[in-house]
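One letter stands for each residue in the lines below.
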Amino acid sequence: MDKKYIVLLLLIIITSMLITGCMPGNGEYTNSDPAGFLSGIWHGWIAPFSLIISIFNPQIRIYEPANTGWWYDFGFYIAIISGFGGLSLTRKKSKDK
């Protein structure tokens, strides 16, 4: 196996371990210690991965149920829009001829 493929495989494994360690609904947050604004941003960024993993693990959610409310929602929404909705802003519109 080529060195490039080994490095790429290790990078994918390490990245997936880091992402799955911070999934919403994993029991890290409680009502006495809820997820805040920055957690909302993080959970919004990893939402596609959370969705895929939640299919196989019912404890993992896309959205953290134990959160601070409006601030968590705001962070989550900002991350979703900047991560996915921002892509459509950079596309060139085709002209109908």
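Residues numbered from 1 in each chain as written. Predicted model: local features only at pLDDT ≥ 70, side-chain atom pairs only at ≥ 80, totals over all residues. Heavy atoms only, no water.

**Student:** Before we move on, could you go through the overall build of the protein chain and cite the residues and values that matter?
**Tutor:** Of regular secondary structure, the protein chain possesses 4 helices and 0 strands. Each helix and strand of the protein chain, placed in order from N terminus to C terminus, yields the pattern α-α-α-α. Considering the protein chain as a whole, with its 97 residues, one finds that 24% of them fall into the buried category. For the protein chain, restricting intrachain contacts to residue pairs at least 6 apart in sequence, the fraction spanning at least 24 positions comes to 70%. In the form shown here, the protein chain has an accessible surface area of approximately 7600 Å², with 68% of it arising from carbon and sulfur atoms. (Helix = DSSP H or I, 4+ residues; strand = E, 2+ residues; numbered from the N terminus. Buried < 20%, exposed > 50% of the residue type's maximum accessible area, 1.4 Å probe, protein only. Contact = heavy atoms within 4.5 Å. Areas by Shrake-Rupley, 256 points an atom, 1.4 Å probe, with all protein chains shown as cover.)

**Student:** So what's going on with the environment of Tyr77? Which residues, and what values?
**Tutor:** Here Tyr77 shows up in helix H4 (residues 70-90). Taking the C-alpha atoms as reference points, Tyr77 and Ile41, separated by 36 residues in sequence, lie 7.6 Å from one another.

**Student:** Let's hear about the side chain of Ser39: which residues, and what values?
**Tutor:** Here Ser39 lies in helix H2 (residues 37-45). Judged by relative accessible area, which is 15%, Ser39 ranks as buried. What Ser39 contacts, discounting residues up to four positions off in sequence, is Tyr29 and Tyr72.

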